[in-house]
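Okay, here's what each chain looks like letter by letter:
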Amino acid sequence: MSKAEILIGPYRSGKTKCLVRELMLATKTALQSGSEVWLVVPSKRYEKFIKSLIVQNMKESGIKVVAGLRIFAFYDMCAQILRQSQVSFKLIPESLRATVVGRAMSNLQKRGELQNLEPVAEFKGTYAALLELIDEFQRAGLSPIEVMTRVTDTAFNESRYVELARIYAEYWNELDNLGYIDSRRLAFKCREVLALQENKLKIDTIAFDGFDRFNKLQMGVFNELAPHADQLKIVFDYDESDPENVQYIWKGPNYKDLMDGFASAQKRVFEKGAITQAPIECFRTVDRAFEMDHVVRLVKEAMVNEEISGSDILVLVPSMRKYRASLETAFVDASLPYFIDDTVDLKSQPVVQFVIKLLRLHKDNYKRADLLSILRNVYFKSHAYDLSKEEIEKF
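Please read these numbers as outputs of a predicted model, since none were measured by experiment.

**Q** Even after reading the chapter, I still don't get the overall build of the protein, so can you show me in this structure?
**A** Helix and strand content of the protein: 15 helices and six strands. Viewed in the frame of its principal axes, the protein has a C-alpha envelope of about 80 × 60 × 50 Å. Here the protein holds 395 residues, and 40% of them are scored as buried. Once local pairs closer than 6 in sequence are excluded, the contacts in the protein between residues at least 24 apart make up 73%. Summing over all exposed atoms, the protein offers an accessible surface of approximately 24,400 Å²; the carbon and sulfur share of this is 53%.

Shown next as structure tokens:
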């Protein structure tokens, strides 16, 4: 079993900077023993932040090169472990998962096993809603067999809950038939491989940082991965010294799960720095529309009463897909200017659409309408081919 350590402290108390320094030192001993140091983060964005800290630390310490330190997003780490264990897999694109859910429901309908949900089976949002439920099952670390066992113990065989469990099971079956797995099943497979693997992975230190919360699936992978590393470090934002714990109350159950899961781990507590604490207000509303109306009122009060510029105000939501309509309505009704910083599908970009049309010209035998559309496009530099607008119109 590896030596486990949990770094606990409030936000901005220096945990990550301390971890980076320790990992950079650990690479020296790791290289001598032929092993590596791994740092697992929740996203590519956080990975970029960690790399900037490493560069800053290298400049301050006068270090020219850091070797043996690998930084992974969580599911990339799972993929790496499977590859090192010589387990082959094919990852299904996220955009196709809803289609797999549709095929699973179609299979159940043909077998007459979808009575309660059949009336809504063809509704536009059904597949997306079911996919969210499947994601919740998987984040909880529950396989279809475990879900079905729990449901059948408390519900009738004809209930909609049993049908939802069947859809989850059929979704896994359909992925198996296609020969693919999704990203969360990647973690399931990783957990399974680590539990059965006798040969220890060559990891000197593995650390986890940047996670607001750990779900059951991630915790399962951590527990199976721990014996494969000499040292395990987990960074978690939590303030035990706050008697009311207002800022971290939502992390309480997850903190308890973490401490129970690593009961033998050494705990290192970081104290709150000398940073002015912003006031925290908690409120509750009946739905997202009322929630965003209240947020917009707070924004307007800050702009009018405290003369805060709108460019200095940031509103964060957990899911832009769920909140966009309510957010836009609230800001428009309040006549407040706003900008939504959200990811955009690559294919929706005009320049990408232009390139796709250009590539399809040959396949479609240079149709006149498509050709003119290309030549008239702002991204087509007609002057580079000595073509004037008049000459293009003559086509």
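And the narrative resumes.
**Q** In this structure, what is going on with the packing of helix α3 (residues 74-84) against helix α9 (residues 216-225)? I would like to understand it.
**A** Here α3 crosses α9 at 45 degrees, and the two axes come no closer than 12 Å. When the axes of α3 and α9 are compared, the pair comes out oblique. Helix-helix and strand crossings are classified by hand; for α3 and α9 the assignment is left-handed. When α3 is examined against α9, the residues F74, M77 and I81 are found in contact with a partner set consisting of Q218, V221, F222 and L225. Of the residues assigned to the contact of α3 with α9, the class counts are six nonpolar, one polar and no charged.

**Q** Just to check I follow, could you spell out a nonpolar patch on the surface for this structure?
**A** A grouping of V351, V355, L359, V378 and Y379 is seen on the molecular surface, where their side chains present a nonpolar patch of about 480 Å² in accessible area. The exposed category is assigned to L359, whose relative accessible area is 65%.

**Q** Would you explain the pattern of salt bridges in this entry?
**A** Pairing between side chains of opposite charge can happen when the charged atoms of each approach one another. All told, the structure shown has 24 salt bridges when counted by the stated rule. Two residues, E47 and K51, come together in a salt bridge whose shortest N-O distance is 3.1 Å. Placement of the pair is E47 and K51 together in helix α2 (residues 44-61), with a separation of four residues, close to one helical turn. Classification of K51 as partly exposed rests on a relative accessible area of 43%. Here K189 and E192 are joined by a salt bridge, their closest N and O atoms 3.9 Å apart. Note that K189 and E192 are positioned in helix α8 (residues 183-196) at a spacing of three residues, about one turn of the helix. Take K189: its relative accessible area is 32%, and that puts it in the partly exposed class. Residue E192 is classed as partly exposed on the basis of its relative accessible area of 43%. Through salt bridges with shared partners, a single ionic network connects E94, R97, D135, D182 and R184.

**Q** What is the right way to read the sheet that holds strand β1 (residues 3-9) from this model?
**A** Paired through backbone hydrogen bonds, the strands of a sheet run either parallel or antiparallel to each other. Across the sheet, which stays open at both edges, the six strands sit in the order β3-β2-β4-β5-β1-β6 with parallel pairing between neighbours. Of all the strands in the sheet, the pair left with one neighbour each is β3 (69-73) and β6 (266-269). For this sheet the average axis-to-axis angle between neighbouring strands, irrespective of direction, equals 20 degrees. Both strand β2 (residues 36-41) and β3 contribute to a ladder of five bridges, which runs parallel. Paired with V41 across the bridge in β3 is A73.

**Q** So what exactly am I meant to see when it comes to the nonpolar core here?
**A** As a rule of thumb, nonpolar side chains are buried together in soluble globular proteins. Within the largest apolar cluster, 65 residues are counted, with the highest numbers of intra-cluster contacts made by F74, M77, I206, F208, L225 and F262. For this core, the element with the highest residue contribution is helix α7 (residues 160-178), accounting for eight residues. Membership of the second largest hydrophobic core comes to 21 residues, among which are L7, A30, A207 and F270.

**Q** Explain the pairing of strand β5 (residues 229-237) to me, please; I cannot follow it from the model alone.
**A** The side chains of a regular strand alternate between both faces of the sheet. Here β5 lies mainly inside the structure; seven of its nine residues are buried. Pairing analysis gives seven bridges linking β1 to β5, with the strands arranged parallel. Opposite E5, over in β5, you have K233 as the bridge partner. Here five bridges tie strand β4 (residues 203-208) to β5, and the two strands are oriented parallel to one another. Bridge pairing links I206 to L232 in β5. One crossover worth recording links β4 to the parallel β5 by way of α9, and it is right-handed.

**Q** Honestly, the packing of helix α1 (residues 15-32) against α2 in this entry has me stumped. Any pointers?
**A** The packing of two helices is summarised by the inter-axis angle and the distance between the axes. Relative to each other, α1 and α2 sit at 65 degrees, their axes nearing to 10 Å. It follows that α1 is roughly perpendicular to α2 by the angle criterion. In terms of crossing hand, the pair formed by α1 and α2 is right-handed. Side by side, α1 and α2 meet where T16, K17, V20, R21 and M24 of the first sit next to Y46, F49, I50, L53, I54, N57 and M58 of the second. Here the residues of the contact of α1 with α2 are counted per class, giving eight nonpolar, two polar and two charged.

**Q** Whenever I open this one, unusual backbone geometry confuses me. Can you help?
**A** Phi is mostly negative for residues that are not glycine, and the peptide bonds are mostly trans. Positive phi, normally seen in glycine, also occurs at R12, with a value near 60 degrees. Relative to the helices and strands, R12 resides in the loop between β1 and α1. The phi dihedral of S335 falls on the positive side, at around 60 degrees, and the residue is not glycine. Relative to the helices and strands, S335 resides in the loop between α12 (320-333) and α13 (350-363).

**Q** In this structure, what is going on with the packing of aromatic side chains? I would like to understand it.
**A** The description of an aromatic ring pair rests on the distance of the ring centres and on the angle between the ring planes. In the structure shown here, the tally under the stated rule is 18 aromatic pairs. Ring centres 5.8 Å apart and planes at 75 degrees place the aromatic pair Y168 and W172 in the edge-to-face group. Pair noted here: Y168 and W172 are both in helix α7, with a separation of four residues, about one helical turn. Exposure remark for Y168: the relative accessible area of 0% places this residue in the buried category. On the basis of an interplanar angle of 40 degrees and a centroid distance of 6.1 Å, the ring pair of F354 and Y379 is categorised as tilted. Linking F354 in helix α13 with Y379 in the loop between α14 (368-376) and α15 (389-394), this pair joins segments that are 25 residues apart in sequence.

About the cut-offs
- Residues numbered from 1 in each chain as written.
- Predicted model: local features only at pLDDT ≥ 70, side-chain atom pairs only at ≥ 80, totals over all residues.
- Heavy atoms only, no water.
- Helix = DSSP H or I, 4+ residues; strand = E, 2+ residues; numbered from the N terminus.
- Buried < 20%, exposed > 50% of the residue type's maximum accessible area, 1.4 Å probe, protein only.
- Contact = heavy atoms within 4.5 Å.
- Areas by Shrake-Rupley, 256 points an atom, 1.4 Å probe, with all protein chains shown as cover.
- Axes fitted to C-alpha atoms, helices over the stretch in contact; angles between N-to-C directions.
- Parallel < 35°, antiparallel > 145°, perpendicular 65-115°, else oblique.
- Left-handed = near helix turned anticlockwise from the far one by under 90°.
- Nonpolar A, V, L, I, M, F, W, Y, C, P; charged D, E, K, R; others polar.
- Patch = residues over 30% accessible without salt bridge, like charges linked within 9 Å, V, L, I, M, F, W, Y side chains within 5 Å.
- Salt bridge = Lys/Arg side-chain N within 4 Å of Asp/Glu carboxyl O.
- Pairing = 2+ DSSP bridges.
- Core = buried A, V, L, I, M, F, W, Y, C linked by side-chain atoms within 4.5 Å.
- Right-handed = clockwise from strand over helix to strand, strands pointing away.
- Phe/Tyr/Trp six-rings, centres within 6.5 Å; stacked < 30°, edge-to-face > 60°.

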